[in-house]
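Breakdown of the fold
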Amino acid sequence: MLTRRFLLGAMAAAMIAPAVTAQEMPVFYEADGAAMAGYDPVSYFKGDAPVLGQPQYAIVWKGAEWHFASDENREAFERDPRAFAPQFGGYCAYAMAKGILVSTDPLAWQVIDGRLYLTHSPEIEEMWREATAEYIRMAEAHWPVILYEQ
(Lines give C-alpha, C1' and ligand atoms only; values in the text may rest on other atoms or scores of the structure.)
Protein backbone atom coordinates (compact mmCIF):
# COMPACT_ATOMS: atom_id res chain seq x y z
CA MET A 1 0.00 0.00 0.00
CA LEU A 2 2.82 2.40 0.82
CA THR A 3 4.38 1.75 -2.58
CA ARG A 4 1.10 2.50 -4.37
CA ARG A 5 0.63 5.76 -2.41
CA PHE A 6 4.22 6.74 -3.09
CA LEU A 7 3.81 6.05 -6.81
CA LEU A 8 0.54 8.01 -7.01
CA GLY A 9 2.08 10.89 -5.08
CA ALA A 10 5.15 10.93 -7.30
CA MET A 11 3.00 10.94 -10.42
CA ALA A 12 0.89 13.82 -9.09
CA ALA A 13 4.00 15.78 -8.18
CA ALA A 14 5.49 15.20 -11.64
CA MET A 15 2.33 16.48 -13.28
CA ILE A 16 2.22 19.58 -11.08
CA ALA A 17 5.95 20.41 -11.20
CA PRO A 18 5.97 21.93 -14.74
CA ALA A 19 3.04 24.20 -13.85
CA VAL A 20 4.74 25.40 -10.67
CA THR A 21 7.99 26.08 -12.54
CA ALA A 22 6.18 27.99 -15.27
CA GLN A 23 4.30 30.11 -12.75
CA GLU A 24 7.54 31.03 -10.99
CA MET A 25 8.95 32.69 -14.13
CA PRO A 26 8.23 36.41 -13.91
CA VAL A 27 5.84 37.56 -16.61
CA PHE A 28 7.27 41.07 -16.39
CA TYR A 29 10.97 41.74 -16.25
CA GLU A 30 11.99 43.63 -13.10
CA ALA A 31 15.22 45.50 -12.44
CA ASP A 32 16.06 47.43 -9.30
CA GLY A 33 12.96 46.02 -7.60
CA ALA A 34 10.39 47.33 -10.07
CA ALA A 35 9.09 46.71 -13.57
CA MET A 36 10.86 48.85 -16.14
CA ALA A 37 13.54 49.68 -13.53
CA GLY A 38 11.04 52.01 -11.87
CA TYR A 39 10.17 54.08 -14.94
CA ASP A 40 6.55 55.21 -15.23
CA PRO A 41 4.98 53.24 -18.12
CA VAL A 42 2.33 55.92 -18.69
CA SER A 43 5.02 58.56 -19.22
CA TYR A 44 6.14 56.88 -22.46
CA PHE A 45 2.81 57.87 -24.00
CA LYS A 46 2.64 61.43 -22.63
CA GLY A 47 5.90 63.14 -23.53
CA ASP A 48 9.16 63.02 -25.38
CA ALA A 49 11.02 60.98 -22.79
CA PRO A 50 10.13 58.48 -20.06
CA VAL A 51 10.01 59.66 -16.47
CA LEU A 52 11.23 57.78 -13.42
CA GLY A 53 8.35 56.81 -11.16
CA GLN A 54 8.24 57.17 -7.40
CA PRO A 55 7.72 54.32 -4.91
CA GLN A 56 4.95 56.25 -3.12
CA TYR A 57 2.85 55.87 -6.31
CA ALA A 58 3.53 52.14 -6.70
CA ILE A 59 1.10 49.31 -7.33
CA VAL A 60 1.53 45.59 -7.89
CA TRP A 61 0.13 44.18 -11.13
CA LYS A 62 0.82 40.73 -12.59
CA GLY A 63 3.29 40.03 -9.79
CA ALA A 64 5.49 43.05 -10.54
CA GLU A 65 5.79 46.38 -8.77
CA TRP A 66 5.08 49.36 -11.04
CA HIS A 67 6.14 52.91 -10.17
CA PHE A 68 4.45 56.07 -11.40
CA ALA A 69 5.35 59.75 -11.40
CA SER A 70 1.91 60.83 -10.16
CA ASP A 71 -1.46 59.68 -8.86
CA GLU A 72 -2.90 60.58 -12.26
CA ASN A 73 -0.55 58.21 -14.09
CA ARG A 74 -1.11 55.43 -11.56
CA GLU A 75 -4.87 55.78 -11.97
CA ALA A 76 -4.59 55.71 -15.78
CA PHE A 77 -2.57 52.50 -15.54
CA GLU A 78 -5.04 50.95 -13.09
CA ARG A 79 -7.93 51.66 -15.50
CA ASP A 80 -6.21 49.88 -18.41
CA PRO A 81 -2.81 48.37 -17.55
CA ARG A 82 -2.49 46.52 -20.86
CA ALA A 83 -2.61 49.84 -22.71
CA PHE A 84 0.57 51.00 -20.97
CA ALA A 85 2.55 47.89 -19.99
CA PRO A 86 5.42 47.05 -22.33
CA GLN A 87 4.99 44.26 -24.81
CA PHE A 88 6.65 40.89 -24.22
CA GLY A 89 6.72 41.40 -20.47
CA GLY A 90 9.19 44.24 -20.74
CA TYR A 91 11.89 41.87 -21.97
CA CYS A 92 13.94 43.00 -24.97
CA ALA A 93 11.65 42.95 -28.02
CA TYR A 94 14.56 42.39 -30.41
CA ALA A 95 15.86 39.42 -28.39
CA MET A 96 12.31 38.06 -28.14
CA ALA A 97 12.23 38.01 -31.95
CA LYS A 98 15.30 35.76 -31.75
CA GLY A 99 13.61 33.54 -29.15
CA ILE A 100 15.58 34.55 -26.05
CA LEU A 101 14.86 36.46 -22.85
CA VAL A 102 17.13 39.46 -22.33
CA SER A 103 16.97 42.41 -19.94
CA THR A 104 16.06 45.89 -21.13
CA ASP A 105 17.16 49.46 -20.80
CA PRO A 106 14.03 51.56 -20.18
CA LEU A 107 15.68 54.40 -22.09
CA ALA A 108 15.87 52.26 -25.27
CA TRP A 109 12.25 52.20 -26.37
CA GLN A 110 9.73 52.81 -29.09
CA VAL A 111 5.94 53.16 -29.22
CA ILE A 112 4.48 51.52 -32.32
CA ASP A 113 0.75 51.48 -33.02
CA GLY A 114 0.03 52.46 -29.43
CA ARG A 115 2.18 49.70 -27.92
CA LEU A 116 5.39 50.12 -25.93
CA TYR A 117 8.45 48.07 -26.88
CA LEU A 118 11.68 48.06 -24.88
CA THR A 119 15.08 46.88 -26.06
CA HIS A 120 18.30 45.93 -24.33
CA SER A 121 20.34 48.99 -25.28
CA PRO A 122 20.42 51.97 -27.65
CA GLU A 123 22.54 49.89 -30.05
CA ILE A 124 19.98 47.08 -30.07
CA GLU A 125 17.22 49.68 -30.47
CA GLU A 126 18.88 50.81 -33.72
CA MET A 127 18.83 47.24 -35.05
CA TRP A 128 15.21 46.86 -33.86
CA ARG A 129 14.16 49.97 -35.80
CA GLU A 130 15.49 48.52 -39.08
CA ALA A 131 12.59 46.05 -39.37
CA THR A 132 10.19 46.57 -36.47
CA ALA A 133 7.15 44.99 -38.16
CA GLU A 134 9.08 41.83 -38.94
CA TYR A 135 10.64 41.67 -35.47
CA ILE A 136 7.26 42.16 -33.82
CA ARG A 137 5.81 39.30 -35.86
CA MET A 138 8.75 37.06 -34.92
CA ALA A 139 8.59 38.05 -31.25
CA GLU A 140 4.86 37.38 -31.05
CA ALA A 141 5.57 33.80 -32.16
CA HIS A 142 7.79 33.33 -29.08
CA TRP A 143 5.67 35.14 -26.48
CA PRO A 144 4.64 33.97 -23.86
CA VAL A 145 5.74 30.39 -24.61
CA ILE A 146 9.36 31.36 -23.98
CA LEU A 147 8.56 31.85 -20.27
CA TYR A 148 7.76 28.16 -19.97
CA GLU A 149 10.83 26.96 -21.83
CA GLN A 150 13.36 28.34 -19.36
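Residues numbered from 1 in each chain as written. Predicted model: local features only at pLDDT ≥ 70, side-chain atom pairs only at ≥ 80, totals over all residues. Heavy atoms only, no water.

**Some details on the pattern of salt bridges**
Scanning the entire structure with this criterion turns up 4 salt bridges. With its nearest N and O atoms 2.8 Å apart, the salt bridge here joins Glu-125 to Arg-129. Remark: Arg-129 and Glu-125 occur in helix α5 (residues 122-129); sequence separation between them is 4 residues, near one turn of the helix. The class for Glu-125 is buried, based on a relative accessible area of 13%. Put simply, Glu-134 and Arg-137 hold a salt bridge, and the shortest N to O gap is 2.6 Å. Highlighted residues: Glu-134 and Arg-137, both in helix α6 (residues 132-142), separated by 3 residues, approximately one helical turn. (Salt bridge = Lys/Arg side-chain N within 4 Å of Asp/Glu carboxyl O. Helix = DSSP H or I, 4+ residues; strand = E, 2+ residues; numbered from the N terminus. Buried < 20%, exposed > 50% of the residue type's maximum accessible area, 1.4 Å probe, protein only.)

**Notes on the packing of aromatic side chains**
Applying the stated criterion across every chain, the model contains 15 aromatic pairs. For the pair Tyr-91 and Trp-143, a centre-to-centre distance of 6.2 Å together with 50° between the ring planes defines the contact as tilted. Here Tyr-91 is found in the loop between α3 (81-84) and α4 (93-97), whereas its partner Trp-143 is found in the segment after α6, with 52 residues between them in sequence. Here Tyr-117 and Trp-128 contribute two aromatic rings whose centre-to-centre distance is 5.4 Å and whose plane-to-plane angle is 40°, an arrangement assigned as tilted. Taken together, the positions of Tyr-117 in strand β6 (residues 115-119) and Trp-128 in helix α5 put the pair 11 residues apart, joining distant regions of the chain. Residue classification places Trp-128 among the buried positions, given a relative accessible area of 0%. An aromatic cluster of at least three residues, connected via ring pairs, comprises Tyr-29, Phe-88, Tyr-91, Tyr-94, Tyr-117, Trp-128, Tyr-135 and Trp-143. (Phe/Tyr/Trp six-rings, centres within 6.5 Å; stacked < 30°, edge-to-face > 60°.)

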